Amino acid sequence: MTNTFRALVLTQDEDRKTHHALQDVAFSDLPDGDVTVKIDYSSLNYKDGLAVTGSSPVVRSFPMIPGIDFAGTVTASSSDDYSEGDNVILTGWGVGEKHWGGYAEYARVPAEYLVKMPENGTSLDAMTIGTAGFTAMMAVMALQEHNITADDGDILVTGASGGTGSMAIALLAELGYSVVASTGREELSDYLKNLGASDIIGRLEPSSRPLAKTRWAGAIDSVGGDILAAILPEVHYGGSVACFGLAGGSDLNTTVFPFILRGVNLLGIDSVMCPSDYRVQVWEKAFNTLTPAKLEAMRQIEPLSNVPQLANDILAGQVRGRIIVDVTKY
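Throughout this description, residue numbers start from 1 for each chain and increase along the sequence as written. The model is predicted, so local features are restricted to residues of pLDDT at least 70 and side-chain atom pairs to those at 80 or more, both for listing and for counting; the totals for chains, interfaces and linings are taken over all residues. Side-chain measures were taken over the full set of non-hydrogen atoms in the model, leaving aside hydrogen atoms and water.

Novice: Any chance you could explain the side chain of Glu97 here in plain terms?
Specialist: If you trace the backbone, Glu97 turns up in the loop between β5 (87-91) and β6 (106-109). A simple rule labels every residue: compare its accessible area, found with a 1.4 Å probe on the protein chains alone, to the largest value its type can have, and call it buried under 20%, exposed over 50%, or partly exposed in between. Glu97 gets classed as buried once you look at its relative accessible area, which sits at 8%. Apart from residues no more than four positions distant in its own chain, Glu97 is found in contact with Lys47, Val58, Val59, Arg60, Ser61 and Met64. For helices the rule is a DSSP run of H or I covering at least 4 residues; for strands it is a run of E covering at least 2, with both sets numbered from the N terminus onward. Throughout, a residue-residue contact means that at least one pair of heavy atoms, one from each residue, lies within 4.5 Å.

Structure follows, in structure tokens:
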């Protein structure tokens with residue numbers, strides 16, 4: 001093993017402008033942690049786009065190796081929970097923001113950040129699912145935990161062409177739900193139908209009415225803002241909306257009427273700090289639900305060197321499905 005590895009490194013100048021560079025990093029510079037992992041793949045998520053472009057102050061300290069998830073093989077461990085050769089997955093915990101992340105050939109992290117790869121999993125499939133699929137699976141499970149069944153009616157998925165939206169559609173469809181995909185990219189209708197959407201609609205517009213004709217048994221919203229506000233008045237009595245995104249804004253201009261007159265549930269999904277034992281359940285269900293064909297249809301593999309341009313693309317809403325980052329190609 002050499003003394004260095006390749007990584008995408010972010011720095012910040014005195015004017016607080018973020019810069020990125022592919023460079024050699026010394027193993028001795030890796031942060032503290034119980035487990036060292038040789039990374040096979042990472043992925044591109046909206047938060048990665050914010051970090052790499054510096055569009056939002058998600059990075060807490062510099063220099064930083066971004067990349068909020070990765071999958072690979074343990075090369076060294078001082079933890080009783082992991083041994084050399086174990087295949088592992090990481091999502092969340094502030095990795096890529098306050099702890100060096102997945103856009104590198106190696107990472108060192110606390111053992112509690114990791115999850116062992118399910119027996120039927122591979123690193124490529126794990127990062128095709130990635131943070132987006134993990135979050136979408138949590139959202140689907142939240143709807144199920146609130147008794148939203150496939151017989152209750154249509155489930156709306158917003159931001160449908162993005163990573164989390166694509167994953168939510170595929171997961172819901174595999175579980176027998178009728179899925180309506182909401183997107184501003186009409187040209188991707190065939191792609192969304194191939195994932196399992198039964199119908200495609202444009203972006204929702206907010207209503208001036210606090211309650212509207214009901215349309216949705218439930219919804220998974222990855223956009224937030226006015227889109228989330230437009231969903232709530234249209235949810236069936238006792239229905240639920242799982243939300244986790246803010247690409248459309250962090251403000252929510254709505255009324256209490258859907259909640260107090262129709263018993264609608266607004267379910268916040270946090271995939272960053274959720275407990276480790278629950279993570280195991282989520283990963284196992286995701287791998288057991290998604291077929292190899294669905295995973296193949298959603299992914300596009302790109303070299304590490306393309307991440308800076310792709311970071312701009314994802315913020316501009318020009319990324320379809322899941323971008324897998326091959327950290328060995330640069």
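Novice: Even after reading the chapter, I still don't get the environment of Thr36, so can you show me in this structure?
Specialist: The residue Thr36 is located in strand β3 (residues 35-44) in this model. Along the backbone, Thr36 and Glu174 are 138 residues apart, and their C-alpha atoms lie at a distance of 35 Å. When near neighbours in sequence (up to four residues on either side) are disregarded, Thr36 contacts Thr73, Val74, Thr75, Ala76, Tyr106, Ala107 and Arg108.

Novice: What's the story with the nonpolar core in this structure? I'm lost.
Specialist: Note on soluble globular proteins: their nonpolar side chains tend to be buried together. What makes a nonpolar core is a set of buried Ala, Val, Leu, Ile, Met, Phe, Trp, Tyr and Cys residues whose side-chain atoms join them at distances within 4.5 Å. In this structure, Ile129, Ile169, Leu172, Leu192, Ile220 and Leu290 are the most contacted members of the largest nonpolar core, which totals 52 residues. Contacts of Ile169, omitting those with residues within four sequence positions, involve Val157, Ala160, Val179, Ala181, Leu192, Leu195, Gly196 and Ala197. Judged by nonpolar contacts, the second largest core, of 44 residues, contains Leu44, Ala51, Val109 and Leu310.

Novice: Just to check I follow, could you spell out the packing of helix α2 (residues 123-145) against helix α3 (residues 163-174) for this structure?
Specialist: Two packed helices can be described by the angle between their axes and the distance between those axes. Lines fitted to the C-alpha atoms define the axes, with helices restricted to the stretch that makes contact. Angles between their N-to-C directions range from 0 to 180 degrees. For the pair α2 and α3, interaxial distance at closest approach is 8 Å and the crossing angle is 55 degrees. Between α2 and α3, the angle is such that the two are oblique. Judged by the sense of rotation from one axis to the other, the crossing of α2 with α3 is right-handed. Taking contact as the criterion, the partners of Thr128, Ile129, Ala132, Gly133, Ala136, Met137 and Val140 in α2 are, on α3, Gly163, Thr164, Met167, Ala168, Leu171 and Leu172. Put simply, angles under 35 degrees are roughly parallel, angles over 145 are roughly antiparallel, angles from 65 to 115 are roughly perpendicular, and the rest are oblique. It is the rotation of the near helix from the far one that decides the hand of a crossing: anticlockwise by less than a right angle makes it left-handed, clockwise makes it right-handed.

Novice: Before we go on, may I ask you to explain the packing of helix α1 (residues 46-53) against helix α9 (residues 307-315) in this structure?
Specialist: Here α1 crosses α9 at 120 degrees, and the two axes come no closer than 8 Å. Relative to α9, the element α1 is oriented oblique. Where α1 crosses over α9, the two elements pack in a sense that is left-handed. Between α1 and α9, the contacting residues are Tyr46, Gly49, Leu50, Val52 and Thr53 on the first element and Val307, Pro308, Ala311, Asn312, Ile314 and Leu315 on the second. Tallied by class, residues from the contact of α1 with α9 come to eight nonpolar, three polar and no charged. When residues are grouped by polarity, Ala, Val, Leu, Ile, Met, Phe, Trp, Tyr, Cys and Pro land in nonpolar, Asp, Glu, Lys and Arg in charged, and all others, Gly among them, in polar.

Novice: What exactly am I supposed to notice about the pairing of strand β15 (residues 322-326) here?
Specialist: Within a regular beta strand, the side chains point alternately toward one face of the sheet and then the other, so they alternate between its two faces. Counting buried residues along β15, five of its five residues qualify, which places the element largely inside the surrounding structure. Two strands are counted as paired when DSSP detects at least two bridges linking them. Summarising the sheet, β3 and β15 pair through four bridges and their orientation is antiparallel. Across the sheet, the residue bridging to Ser42 is Val325, located in β15. Bridging between strand β14 (residues 299-303) and β15 involves five bridges; their strand directions are parallel.

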